[in-house]
Amino acid sequence: MNIIYILIVGLIIGYLFKSSLEKVDLSKPTNLALLLLIFFMGVEAGKVDLNAFSTFIVSMEFSVIVMVTSLLVAVFLGGRFR
């Protein structure tokens, strides 16, 4: 089933039962669902055959570039708003 349909059904149910759902704490089921989603994504990713060292090097390069860029933007923007 398409994920958009599931989202729309959830929105409709949430709208129709919003007064009774305000009393229900949905944080624990939501956290459990997200943890299961992340777990199963990891299982699927583990099934993929790839060169781990090459992927690690590319990931490290990307993370360093993102950190340096973020720091530079923060320094330049931080200096302007003082």
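About the criteria used
Residues numbered from 1 in each chain as written. Predicted model: local features only at pLDDT ≥ 70, side-chain atom pairs only at ≥ 80, totals over all residues. Heavy atoms only, no water. Helix = DSSP H or I, 4+ residues; strand = E, 2+ residues; numbered from the N terminus. Rg over C-alpha atoms; globule rule 2.2 N^0.38 Å. Areas by Shrake-Rupley, 256 points an atom, 1.4 Å probe, with all protein chains shown as cover. Lys, Arg positive; Asp, Glu negative; His and termini not counted. Charge placed at Lys NZ, Arg CZ, Asp CG, Glu CD. Patch = residues over 30% accessible without salt bridge, like charges linked within 9 Å, V, L, I, M, F, W, Y side chains within 5 Å. Salt bridge = Lys/Arg side-chain N within 4 Å of Asp/Glu carboxyl O. Buried < 20%, exposed > 50% of the residue type's maximum accessible area, 1.4 Å probe, protein only. Phe/Tyr/Trp six-rings, centres within 6.5 Å; stacked < 30°, edge-to-face > 60°. pLDDT = per-residue confidence, 0-100.

1. A word on the overall build of the protein
1) Next: A tally of regular secondary structure across the protein gives 4 helices and 0 strands.
2) Next: Listed N to C, the secondary structure of the protein is α-α-α-α in terms of helices and strands.
3) Next: For a compact globule of 82 residues, the expected C-alpha radius of gyration is about 12 Å, and the protein comes in at 21 Å, more than 25% above that figure.
4) Next: Here the C-alpha coordinates of the protein stretch approximately 50 × 50 × 25 Å along the principal axes.
5) Next: Carbon and sulfur atoms make up 75% of the accessible area of the protein, which amounts to about 7,900 Å² in all.
6) Next: Distance from the positive charge centre (6 side chains) to the negative charge centre (5 side chains) of the protein: 15 Å.

2. What to know about a nonpolar patch on the surface
1) Next: A cluster of nonpolar residues, Ile3, Ile4, Ile8, Val9, Ile12, Ile13, Tyr15, Leu16, Phe17, Leu21, Val24 and Leu26, forms a patch on the protein surface that exposes about 1,100 Å² of accessible area.
2) Next: With 8 residues, the single largest contributor to the nonpolar patch is helix α1 (residues 3–16).
3) Next: Tracing the backbone shows Tyr15 in helix α1.

3. What about the environment of Ser19?
1) Next: Relative to the assigned elements, Ser19 resides in helix α2 (residues 18–21).
2) Next: Among the residues examined, Ser19 registers a relative accessible area of 53% and is labelled exposed.
3) Next: Here the alpha-carbon distance between Ser19 and Ile38, two residues 19 residues apart in the chain, equals 31 Å.

4. Digging into the packing of aromatic side chains
1) Next: Applying the stated criterion across every chain yields a total of 1 aromatic pair.
2) Next: Here the aromatic rings of Phe39 and Phe40 are separated by 5.2 Å at their centres, their planes lie at 70°, and the arrangement is edge-to-face.

5. Focus: the confidence of the model for the protein
1) Next: Chain-level pLDDT for the protein is 86 on average; 94% of the residues reach the 70-or-more range.
2) Next: Across the protein, helix α3 (residues 27–46) holds the top mean pLDDT of 91, while α2 sits lowest at 83.

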